[in-house]
Amino acid sequence: MPQNQEYEMQRGFLVGAVGGVAVMAAVGGVVTFLLAGKDVQHTTIDTYSRALYVKVDGRPAVARTIVQARIEGWYHPLPWVGKDIDEVSCPAHLKAVAGATETCTARAGSERVSIPVRVIKVEGDPATPRVTWKFER
């Protein structure tokens, strides 16, 4: 095989390998972006589910069990997006008022981490609002 032809084959392989790695990185970036966006949650407060319908200061609120479950489920969707956590605990229900905040905690290995939670907006019927809230990683 002539030397020039061997060089072209090696070059073609290298270009293909680098291109493949670049495509994999781009796909990984898109997946990471989509999963990282899951820190914004939407909860419609349902008055029919008595176990999850709670009020704080006379206003509807997102039950702390919902907040805890969503944080635990979405805090660590991929290893490079967030820490692996468990034992999420929120001190109170999240009031359905824009700007309302809570700080939940969780265990990450041997340490406790703080997870700030904030209501971004509240829409719809005041008795059964749709609450958009966000937690920080």
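Everything in this summary refers to the structure shown in the same document. Keep in mind that what you see is a predicted model, and the values were worked out from it rather than measured.

For the chain, the helix and strand inventory stands at two helices and eight strands. Put simply, the chain runs from its N terminus to its C terminus through helices and strands in the order α-β-β-β-α-β-β-β-β-β. In the chain, which comprises 137 residues, the proportion classed as buried is 28%. Considering only contacts within the chain whose residues lie at least 6 apart along the sequence, 50% involve residues at least 24 apart. As presented, the chain carries roughly 8,600 Å² of accessible surface, and 58% of it is formed by carbon and sulfur atoms.

This brings us to the state of the cysteines. For the structure on display, the rule yields one disulfide. Disulfide pairing is shown between C90 and C104; the S-S distance is 2.0 Å. When the S-S torsion is 105°, as for the bridge of C90 with C104, the disulfide is right-handed. Residue C90 is found in the loop between β4 (86-89) and β5 (94-95), and its partner C104 is found in strand β6 (residues 101-108); the two are separated by 14 residues along the sequence. Assigned by exposure class, C90 and C104 land together as buried.

Ordered by their spatial adjacency, three strands build an open sheet running β2-β3-β5, and the pairing between neighbours is antiparallel. Edge positions in the sheet fall to β2 (54-56) and β5, since each of these pairs with one other strand and no more.

Another aspect to go through is the pairing of strand β7 (residues 111-123). Note that β6 and β7 share eight bridges and pair antiparallel. Each bridged residue has a counterpart across the sheet, and for A108 the counterpart in β7 is E111. Counted between consecutive antiparallel strands, the loop separating β6 from β7 contains two residues, among which G109 sits at a positive phi close to 70°. Note: β7 against strand β8 (residues 130-135), six bridges, orientation antiparallel. Within β8, the position partnered with E123 by the bridge is R130.

Let us look at the pattern of salt bridges. Summed over all chains, the structure comprises six salt bridges. Close ionic contact of K95 with D57 constitutes a salt bridge, the shortest N to O distance being 3.0 Å. Within this pair, whereas K95 is found in strand β5, its partner D57 is found in the loop between β2 and β3 (59-62), the two being separated by 38 residues in sequence. Each of D86, E87, R107 and R112 takes part in one network of salt bridges that share partners.

Time to look at the side chain of Q68. Mapped onto the fold, Q68 is located in helix α2 (residues 64-74). When its relative accessible area of 17% is taken as the criterion, Q68 is described as buried. Ignoring any residue separated from it by four or fewer positions in sequence, one finds Q68 in contact with V88, S89 and C90.

Next up on the list: the pairing of strand β1 (residues 40-44). Taken residue by residue, a regular strand's side chains alternate between the two faces of the sheet. The alternating pattern of β1 places Q41 and T43 on a buried face, while none of V40, H42 and T44, on the opposite face, is buried. Judged from the five bridges that link them, β1 and β8 form a sheet pairing that is antiparallel. Bridge pairing in β8 links V40 to K134.

Reading the values: rules and limits
Residues numbered from 1 in each chain as written. Predicted model: local features only at pLDDT ≥ 70, side-chain atom pairs only at ≥ 80, totals over all residues. Heavy atoms only, no water. Helix = DSSP H or I, 4+ residues; strand = E, 2+ residues; numbered from the N terminus. Buried < 20%, exposed > 50% of the residue type's maximum accessible area, 1.4 Å probe, protein only. Contact = heavy atoms within 4.5 Å. Areas by Shrake-Rupley, 256 points an atom, 1.4 Å probe, with all protein chains shown as cover. Disulfide = S-S within 2.5 Å. Pairing = 2+ DSSP bridges. Salt bridge = Lys/Arg side-chain N within 4 Å of Asp/Glu carboxyl O.

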